[in-house]
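# Structural overview for review
Each chain, written out:
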Amino acid sequence: MAAPDEDQRFIKPFISHKSAKSLAIPLAFNEYFPDPLPNTVELLDYYGRSWTIRMKKRGETVFLTVGWENFVKDNELEDGKMMEFIYDCDRTFYVVIFGHGGVSELRVFPQAVVDVGDYATGEEEGEEEEEEEEEKNKSN
């Protein structure tokens, strides 16, 4: 295994008839993998979502296999999108997906919106009402 000075990268296009079920890693990238090849690697996206993917070697080519289809589905990959794989040389690939226009696709996921004004006192909403009700119950 080569001793990297920094993370190692490669770029692959998504072509459904070639890479819907598995993805071949470029041959030149083999030097960055340990021997023996790990059984699995983690793929992480921009938001920290993670997929465990099985690695398999056929001849000299290393493939991402079991679990890859989930990654494809979850990221809505379609023909022509580009993916940059950044390998930390310790079983993790960070993946950046680029749309047809060559711009990184940053997906927006639903987030809870909290009005900071509701927490100005540091008390949870409804605590005062609960305390008042407890006081009433004690005096009865």
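All figures in this text were calculated on a predicted structure; none of them were measured in a lab.

## Structural notes on the pairing of strand β7 (residues 92-98)
Relative to β7, strand β3 (residues 40-44) is paired through three bridges, and the arrangement is parallel. By the bridge assignment, Leu43 is partnered in β7 with Phe93. Of the pairings in the sheet, the one linking strand β6 (residues 82-87) to β7 comprises six bridges and is antiparallel in character. By the bridge assignment for β7, Met82 is matched with Phe98. In this structure, the hairpin formed by β6 and β7 is closed by a connection of four residues, where Cys89 is found at a positive phi of approximately 65°.

## Some remarks on unusual backbone geometry
Cis rather than trans, the peptide bond between Asp35 and Pro36 has omega equal to 10°. In this structure, Glu76 is a non-glycine residue whose phi angle is positive, near 50°. Position of Glu76 relative to the elements: it lies in the loop between α2 (68-74) and β6. The phi dihedral of Cys89 is positive, around 65°, even though this residue is not glycine. When its relative accessible area of 15% is taken as the criterion, Cys89 is described as buried.

## A closer look at the pairing of strand β1 (residues 8-13)
Sheet faces and side chains relate simply in a regular strand, where the side chains alternate between the two faces. What you see with β1 is a clean split: Gln8, Phe10 and Lys12 sit on the buried side and Arg9, Ile11 and Pro13 on the side with no burial. Pairing between β1 and β6: six bridges, direction antiparallel. What sits directly across from Lys12, in β6, is Met83.

## Observations concerning the sheet that holds strand β4 (residues 50-58)
Taking strand neighbours across the sheet as the criterion, the seven strands line up as β1-β6-β7-β3-β4-β5-β2 in an open arrangement whose pairing is mixed. Strands at the two margins of the open sheet, each flanked by one partner only, are β1 and β2 (23-25). For this sheet, the mean angle separating the axes of adjacent strands, direction not counted, is 30°. Pairing geometry for β3 and β4, over five bridges, is antiparallel. Directly across from Leu44, in β4, lies its bridge partner Ser50.

Rules behind the numbers
- Residues numbered from 1 in each chain as written.
- Predicted model: local features only at pLDDT ≥ 70, side-chain atom pairs only at ≥ 80, totals over all residues.
- Heavy atoms only, no water.
- Pairing = 2+ DSSP bridges.
- Helix = DSSP H or I, 4+ residues; strand = E, 2+ residues; numbered from the N terminus.
- Buried < 20%, exposed > 50% of the residue type's maximum accessible area, 1.4 Å probe, protein only.
- Axes fitted to C-alpha atoms, helices over the stretch in contact; angles between N-to-C directions.

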